[in-house]
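Residue-level structural notes
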Amino acid sequence: MTNQEIKEILTTLYYDVLNIEFNLYGYARNMCKYGDAFLFLDIEEQLGVKGVISLPTSEVERLEGEDKSNPLRFPC
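To keep things clear, this report deals only with the structure shown in the data block. (Residues numbered from 1 in each chain as written. Predicted model: local features only at pLDDT ≥ 70, side-chain atom pairs only at ≥ 80, totals over all residues. Heavy atoms only, no water.)

Once that is clear, we can look at the overall build of the chain. Of the regular secondary structure elements, the chain holds 2 helices and 2 strands. Seen in sequence order, the chain has helices and strands lined up from the N terminus as α-α-β-β. The C-alpha radius of gyration computed for the chain amounts to 17 Å, which surpasses the reference 11 Å derived for 76 residues by more than 25%, pointing to a less compact arrangement than a globule. C-alpha extents for the chain along the principal axes are approximately 45 × 35 × 20 Å. Of all intrachain contacts in the chain linking residues separated by at least 6 positions in sequence, the fraction that spans at least 24 positions is 18%. Taken as a whole, the chain presents about 6900 Å² of accessible surface, with 56% of it coming from carbon and sulfur. (Helix = DSSP H or I, 4+ residues; strand = E, 2+ residues; numbered from the N terminus. Rg over C-alpha atoms; globule rule 2.2 N^0.38 Å. Contact = heavy atoms within 4.5 Å. Areas by Shrake-Rupley, 256 points an atom, 1.4 Å probe, with all protein chains shown as cover.)

The subject of this paragraph is the pattern of salt bridges. In total, this model carries 1 salt bridge according to the counting rule given. For Glu 44, the salt bridge goes to Lys 50, with nearest N and O atoms at 3.0 Å. Residue classification places Lys 50 among the partly exposed residues on the basis of a relative accessible area of 43%. (Salt bridge = Lys/Arg side-chain N within 4 Å of Asp/Glu carboxyl O. Buried < 20%, exposed > 50% of the residue type's maximum accessible area, 1.4 Å probe, protein only.)

Below, the discussion takes up a nonpolar patch on the surface. On the surface, a cluster of nonpolar side chains totalling about 600 Å² of accessible area is made up of Met 1, Ile 6, Ile 9, Leu 10, Tyr 14 and Tyr 15. Looking at where Leu 10 falls in the secondary structure, it is placed in helix H1 (residues 3-17). (Patch = residues over 30% accessible without salt bridge, like charges linked within 9 Å, V, L, I, M, F, W, Y side chains within 5 Å.)

Let's shift gears to the pairing of strand E1 (residues 38-44). Relative to strand E2 (residues 48-55), E1 is paired through 7 bridges, and the arrangement is antiparallel. If you follow Asp 42 over to E2, its bridge partner there is Gly 51. (Pairing = 2+ DSSP bridges.)

Negative phi values dominate among residues other than glycine, just as trans dominates among peptide bonds. Its identity as a non-glycine residue notwithstanding, Asn 19 has a phi of 50°, on the positive side. Mapped onto the elements, Asn 19 comes out in the loop between H1 and helix H2 (20-34). Residue Asn 19 is classed as partly exposed on the basis of its relative accessible area of 35%.

The structure is reproduced here in structure tokens:
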């Protein structure tokens, strides 16, 4: 890939998919105010990131030890 192709892909991601000009202030504000911010990325294997949804912190739960194939998993 050339630098121009990478620039075009990132421009599409930032401005068309993530709508960064409108959403960045809210993402940064929540990160600074609450110390965390969660985004759900709608990813399709052939297309990449198709969309993003901001998740409320109260809806996010940390799960540990769920992957039985990982020998380094922590017990719940």
